[in-house]
Amino acid sequence: MWRVLARGARLLAVAAGRAWSRTPRERRGPLLALGVVGCAMLPEVPYAWWALGLGLPAAAAWLGWGELRRADGPPGTVRECLGALYEALVPYFSAPADPSPEPLYAPGGEWERCFTAFSFGADGRLTRLTLRYPAFFPDGDPACRARVERVLAGKAGRDREFVFRWEEERNRLEMALPAPLPTGICAQRFVTAAGETVLGFTDAAAVERTVPVRCGLRYGALMDASPVVWRTGPRSAEANLLVVGAPGAGATTLLRSIALQALEHGEVLLVDGSGTGEFACFAGRTGVVGVEAAPVGAAAALEWAERETERRLLAAGQVPGRDRAERPLWVVVDRPALLGHLARIEGVRDPLGLLEVPLRYGRAARVTVVLAEQVEGWGGLGETVLGCTRARVVLGAVGAGQARAVLGAPPPGSMAAWVPAGRGYARLGSGPVYRLQVPATPDPYDEATPEPLRGAVLALLPRHRHPVAGNR
């Protein structure tokens, strides 16, 4: 009890000294005289000494108990963690020309003044932190923000993903460990309208819409999930999509998921720039225009897509409303930069040049282009590709700078050092950046694919245009 009172009395004394130091010199004399007069009149006020004698200890006890309660936690972890975090932030939130008599951040300072709220998990690790920072900190500079976020994420644990919320009006920063995104959602029919494509699923508070999905490999439980819905068509402002991912992050998985959804209302042309047969399961299916992997065949297929886009544009101009009768055409290209390099070796037309007409004018002809490239080569796609793909997805454990360069805006949090396949961020046009988890859509012809996932993908594929041996 005496410890609590001592802590509270110290906090009261510090608050009084701070208020006195902030008072202008010309006002200190009148304020001191007013205090002397008030003390002289205390005996004339009934029960004034009793109220003062009980009020001060009560206030000290309240403040002292609050400080001790904030410091509760696993033995030896709370103060050590927060103290180390405070010292790590001092170089970023302090300045030699700080006019404050008691700067918020200084070597050997008190973290209690800066960290207004915090919480720790059952494992003794930090899960949420709210801190104050000086008004002179350039919180409008993305580079300065990124440096602070890297320090916070590093001290709190690089193996976890954190989200940050900057309140520039109040000079406050909140760091929180978000709820995990659902990873058990596999390929299935999603409840969407024509022209809507589910790219993946995000936080419940990020979007206002939910769709029923089954979570689990076999007979999973039905649940509501928050989708990131990409809208295409003549009225869409983001008619084309660019997916950039680290190797093995799930970019091709997302292309398969998009192709399966597109086949429900349209036709799909698939080009595999890596040549590894990732789209072999689509070959010969109803609605699939073609599946090409070799540079010569890919160039011929994309040349046909170019002419088909022009034909649709001419037909729509000659017969008003004709474009509505045309089924949407989706051109899905994986690894176009690699395909372009192979095309130069073979001496055939550049596939990126063949995509210029569908990218620029495909929206009016109901032609949608979806591209996926690895993070090392996305910058070489050219101005046409980068300018016409306003819907962007970044997958895998990529750096904050790379994610910002692709998305055009900083991601809402820090990416952990290891993330599951299909995890990343999505941004549609100039909208917000969403955390994203892509539904599991593996290659059903891959021997390493689990049988339930294989069956889920095969069930969504259209039937073959011509019966094949074994299916008769």
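Only a predicted model underlies this, so the values are computations on that prediction, with no experimental measurement involved.

Reading guide: rules and limits
- Residues numbered from 1 in each chain as written.
- Predicted model: local features only at pLDDT ≥ 70, side-chain atom pairs only at ≥ 80, totals over all residues.
- Heavy atoms only, no water.
- Helix = DSSP H or I, 4+ residues; strand = E, 2+ residues; numbered from the N terminus.
- Buried < 20%, exposed > 50% of the residue type's maximum accessible area, 1.4 Å probe, protein only.
- Areas by Shrake-Rupley, 256 points an atom, 1.4 Å probe, with all protein chains shown as cover.
- Contact = heavy atoms within 4.5 Å.
- Polar contact = N/O pair within 3.5 Å; in protein donor to acceptor, adjacent residues only side chain to side chain.
- Pairing = 2+ DSSP bridges.
- Axes fitted to C-alpha atoms, helices over the stretch in contact; angles between N-to-C directions.
- Expected span 1.5 Å × (residues − 1).

(A) Broad picture of the overall build of the protein chain. Regarding its fold elements, the protein chain presents 14 helices and 16 strands. In the protein chain, which comprises 472 residues, the proportion classed as buried is 46%. Only carbon and sulfur atoms are counted for the fraction: they give 57% of the accessible area of the protein chain, which is about 24000 Å².

(B) Representation of the environment of E238. In this structure, E238 sits in the loop between β7 (221-231) and β8 (241-245). Along the chain, E238 and T368 lie 130 residues apart, while their C-alpha atoms are 9.7 Å from each other. The residues contacting E238, other than those within four sequence positions of it, are W230, R231, R390, A391, L428 and G429. Looking at E238, its side chain comes within polar contact range of the side chain of R390, at 3.5 Å.

(C) Representation of the sheet that holds strand β4 (residues 172-176). The strand order β1-β2-β4-β3-β14 describes an open sheet built from five strands, whose pairing is antiparallel. Both outer strands of the open sheet, β1 (115-120) and β14 (413-414), are each paired with one neighbouring strand and no more. Relative to β1, helix α4 (residues 78-93) is tilted by about 135°, and along the sheet it contacts β1 and β2 (126-132). The strands touched by helix α5 (residues 142-156) within the sheet are β2, β3 (162-167), β4 and β14, with β3 carrying the most contacts at an inclination of about 140°.

(D) The arrangement of the pairing of strand β12 (residues 367-374) in detail. With seven of eight residues buried, β12 lies mostly within the body of the structure. Pairing geometry for β8 and β12, over five bridges, is parallel. Bridging from a neighbouring strand, L241 pairs with V370 of β12. Two elements, strand β11 (residues 329-334) and β12, share six bridges in a ladder whose sense is parallel. Looking at β12, one finds that V331 is bridged to V369.

(E) The environment of T232, seen in detail. Along the polypeptide, T232 turns up in the loop between β7 and β8. T232 sits in the buried class, given a relative accessible area of 16%. Once the C-alpha coordinates of T232 and R363 are considered, the two residues, 131 residues apart in sequence, prove to be 8.0 Å apart. Residues within four places of T232 in sequence aside, it is in contact with G195, A239, W330 and T368.

(F) Examining helix α6 (residues 251-262) more closely. Taking 1.5 Å as the rise per residue, α6 with twelve residues should run 16 Å; its terminal C-alpha atoms sit 17 Å apart, in good agreement. Counting buried residues along α6, twelve of its twelve residues qualify, which places the element largely inside the surrounding structure. Residues of α6 that are buried include every one of A251, T252, T253, L254, L255, R256, S257, I258, A259, L260, Q261 and A262, and no others.

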